Amino acid sequence: MIQRIASSPTPPASFAELGLSRLTLAALKTVNYRVPSPIQAAFIPPALEGRDVIGQAKTGTGKTAAFSLPLIEMHEPGQPGPQAIILAPTRELVQQICGEFERLARGRDLVVRGIYGGEPIERQLRSLAKGVDVVVGTPGRVIDHLQRGTMSLEGVYHVVLDEADRMLDIGFRPDIERILRKVPQPHQTLLLSATLSPEVRRLAARYMHEPVELNLSRDEPSVEKIVQKYIPVDHNRKMELLLHLLELEKPRQCIVFCRTKRGADKLAQRLARRYPGVATIHGDLPQTARNRVMRGFRDGSIPILVATDVVGRGIDVEEISHVVNYDIPDDPENYLHRIGRTGRMGKDGVAYTFVGPDEGIPLTNIEVLINKTLERVVIPGFEVTERGVGVADRSRGRIPISLEGGYRAAAPKPFRQLFSTA
DNA sequence: AAAAAAG
């Protein structure tokens, strides 16, 4: 039997009511967490009971603390080897989770360690030899340690897959399964993401025992505080449009998402002529450069970050006011994650998506997923020059937006010609 | 097809 809980009827007003100890409540006070967010209120109690939990909640609503707090609470001091392993899809996300976990575990005898590629392995070997209670890692390096025999999962009881749909997709699943085979049964499994399609939930259930399923974003998967707009534009004028948009909007901090690493490099180079504060990040950069850029972006010295999807998920930088999809994301789920880099913890944000004449279908797929149409914006001087300009299907009101979950698979894929290229 | 993740 799978237990489904849509949302808690009366969200607890305080962390104390969720069954957290005084030590944890004190740590929460020092980091200024006052009231639990909806996902925290719903997730923490069943997790503390030791149940398996699948948690879906919007971007920027506190999923990291939702799984970290129960792990901290259930931690048993004095045991050898890691008791919990948290897996995430990128090194930067692993580093961020480590930081948050450490802040929340303050005052406890609990060692957290990031285990990821791009960092010299010797340092990780020394940490592991000294003893680690909670491992936060990317799959590749975790497997590396398992092969070397430098890390054992024999004592692990809690497994967390953050960005679970990503971790279970075809690129990662073999690695994840390989790691899970090393975790003794029984164990507790916690899965979290802003996007968990029914298909992924079904798949995930294979790894879990009577999971409690939470969905706190059923009807409205994207964050209300994010203003979402799209701009139809010819591919060869995107750069001009971006410069114009930056002048117009004067973002506090923004991420410009590109489809490819090379594309991100090129755009950053061109942009840097006018904006010296531009930096780029993608998976081809050495980890030292990635770290340097993330530090600069977090401390505000880099106002504009040109990036691939390496920072599309999970990354939490409060001052991001704008997200620009310079290239429309191929996968609608990635759209939701990308725009979720802004509008975090109740702040507002703006997301612009550039849409080329041939990209009506990906745009519609996004709208179907988020169950909402994007506002069309035309920037003066950037009107599309071709004949037949217009969004025919929208004016006819033919975009089917499903009210039931809004997932692509459940809704027909309409063809939409955005504007004529004739 | 691209990006991410081991080196």
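Note that this is a predicted model, so its numbers are computed, not measured.

(A) A look at the environment of Leu23. Here Leu23 shows up in helix α1 (residues 22-30). With relative accessibility at 43%, the residue Leu23 sits in the partly exposed group. Note: C-alpha distance between Leu23 and Arg108 (85 residues apart in sequence) is 8.1 Å. Sequence-distant contacts of Leu23, defined by excluding residues within four places in its chain, comprise Gly107 and Arg108.

(B) Quick look at the sheet that holds strand β13 (residues 322-325). Overall, parallel pairing links the seven strands, which are arranged β11-β12-β10-β13-β14-β9-β15 in an open sheet. A single partner strand is all that each edge strand has here, and the edge strands are β11 (278-281) and β15 (375-376). Set on the sheet, helix α10 (residues 238-249) makes contact with β9 (226-232), β10 (254-257), β12 (304-307), β13 and β14 (349-355); between it and β14 the angle comes to about 160 degrees. Relative to β13, helix α13 (residues 332-339) is tilted by about 155 degrees, and along the sheet it contacts β9, β10, β13 and β14.

(C) Representation of the domain arrangement of chain A. Taken domain by domain, chain A comprises domain 1 (3-215) and domain 2 (226-410). Each of domain 1 and domain 2 has a C-alpha centre, and these two points are 29 Å apart. With 23 residues of domain 1 in contact, the opposing surface of domain 2 contributes 20 residues. The contact between domain 1 and domain 2 buries some 1,800 Å² in all, and 53% of this surface belongs to carbon and sulfur atoms. Taken together, the connections running from domain 1 to domain 2 amount to three salt bridges. Close ionic contact of Glu92 with Arg290 constitutes a salt bridge, the shortest N to O distance being 2.7 Å.

(D) Expanded view of the side chain of Ser68. Note on placement: Ser68 falls in helix α3 (residues 63-74). Take Ser68: its relative accessible area is 0%, and that puts it in the buried class. Side-chain polar atoms of Ser68 contact the backbone oxygen of Thr64, separated by 2.7 Å. Not counting chain neighbours up to four residues away, the residues in contact with Ser68 comprise Phe101 and Leu104.

(E) Spotlight on the pattern of salt bridges. Tallying each qualifying case throughout the model produces 22 salt bridges. Of the charged contacts, one joins Glu319 and Lys347 as a salt bridge, the two residues approaching to 3.4 Å between their closest N and O atoms. With a gap of 28 residues between them, Glu319 in the loop between β12 and β13 and Lys347 in the loop between α13 and β14 connect regions that are remote in the sequence. Overall, Glu319 belongs to the partly exposed group, its relative accessible area being 34%. One salt-bridge network, held together by shared partners, links Arg252, Glu318, Glu319 and Lys347.

(F) Expanded view of empty space enclosed by the protein. Throughout the structure, instances matching the rule amount to one cavity of 30 Å³ or more. Quantified by volume, the largest cavity comes out at close to 30 Å³. Taken together, Val317, Glu318, Ile320, Arg341, Thr342, Gly343, Arg344 and Lys347 form the lining of the largest cavity. By residue class, the composition of the lining of the largest cavity is two nonpolar, two polar and four charged.

(G) Region of the structure containing the UniProt feature "domain: DEAD-box RNA helicase Q" (unreviewed entry) in chain A. In the UniProt entry, the feature "domain: DEAD-box RNA helicase Q" (unreviewed entry) is given for residues 13-41. The span residues 13-41 shows a helical share of 45% and a strand share of 0%, and its end C-alpha atoms are spaced 9 Å apart.

(H) Seen up close, the environment of Glu333. Tracing the sequence through the fold places Glu333 in helix α13. Residue Glu333 is classed as buried on the basis of its relative accessible area, which comes to 13%. As a C-alpha pair, Glu333 and Thr195 span 138 residues in sequence and 6.5 Å in three-dimensional space.

(I) Representation of the protein's contact with DNA strand B within the structure. What surrounds DNA strand B is a group of 22 residues, the closest being Arg141, Arg166, Lys261, Gly283 and Arg290. Within 4 Å of the protein, the contacting atoms of DNA strand B are 70% sugar and phosphate, with bases supplying the remainder. Residue Gly117 places a main-chain N or O atom 2.8 Å away from a phosphate oxygen belonging to DNA strand B. Here a base nitrogen of DNA strand B and a side-chain polar atom of Asp330 are 3.4 Å apart.

(J) Expanded view of the packing of aromatic side chains. Enumeration over the complete set of coordinates arrives at one aromatic pair. Ring geometry for Tyr326 against Phe354: centres 5.8 Å apart, planes inclined by 50 degrees, an arrangement best described as tilted. Within this pair, whereas Tyr326 is found in the loop between β13 and α13, its partner Phe354 is found in strand β14, the two being separated by 28 residues in sequence. A single burial state applies to Tyr326 and to Phe354, both of which are buried.

(K) View of α3. For α3, which comprises twelve residues, the first-to-last C-alpha distance of 17 Å matches the rise-based estimate of 16 Å (1.5 Å per residue) to within 8%. Most of α3 sits inside the fold, with twelve of its twelve residues counted as buried. Restricting attention to buried positions, one finds in α3 the residues Lys63, Thr64, Ala65, Ala66, Phe67, Ser68, Leu69, Pro70, Leu71, Ile72, Glu73 and Met74.

(L) Representation of helix α2 (residues 38-48) within the structure. A large share of α2 lies buried, amounting to eight of its eleven residues. Ile39, Gln40, Ala41, Ala42, Phe43, Ile44, Pro46 and Ala47 are the residues of α2 that are buried. Packing partners of the buried residues in α2 comprise β2 (53-56), α3, β7 (188-193) and β8 (212-215). Positive phi shows up at Gly50, right after α2, with a value of about 90 degrees.

(M) Just the environment of Arg201, in detail. Residue placement: Arg201 occurs in helix α9 (residues 198-205). Taking the relative accessible area as the measure of exposure, Arg201 reaches 12% and is therefore buried. Placed twelve residues apart in sequence, Arg201 and Glu213 show a C-alpha to C-alpha distance of 8.8 Å. What Arg201 contacts, discounting residues up to four positions off in sequence, is Ile54, Gln56, Leu196, Glu213, Leu214 and Asn215.

Parameters and conventions
Residues numbered from 1 in each chain as written. Chains lettered and ligands numbered in written order. Predicted model: local features only at pLDDT ≥ 70, side-chain atom pairs only at ≥ 80, totals over all residues. Heavy atoms only, no water. Helix = DSSP H or I, 4+ residues; strand = E, 2+ residues; numbered from the N terminus. Buried < 20%, exposed > 50% of the residue type's maximum accessible area, 1.4 Å probe, protein only. Contact = heavy atoms within 4.5 Å. Pairing = 2+ DSSP bridges. Axes fitted to C-alpha atoms, helices over the stretch in contact; angles between N-to-C directions. Domains from an automatic or database assignment. Buried area = accessible area lost by both parts, 1.4 Å probe. Salt bridge = Lys/Arg side-chain N within 4 Å of Asp/Glu carboxyl O. Polar contact = N/O pair within 3.5 Å; in protein donor to acceptor, adjacent residues only side chain to side chain. 1 Å grid on protein atoms, 1.4 Å probe; cavity = no way out; pocket = protein on both sides within 12 Å on 5 of 7 lines; lining within 4 Å. Points joined across faces, edges and corners; volume = space filled by probe spheres on them. Nonpolar A, V, L, I, M, F, W, Y, C, P; charged D, E, K, R; others polar. UniProt positions renumbered as here; feature names shortened; annotations may be inferred. Near = heavy atom within 4 Å. Phe/Tyr/Trp six-rings, centres within 6.5 Å; stacked < 30°, edge-to-face > 60°. Expected span 1.5 Å × (residues − 1).

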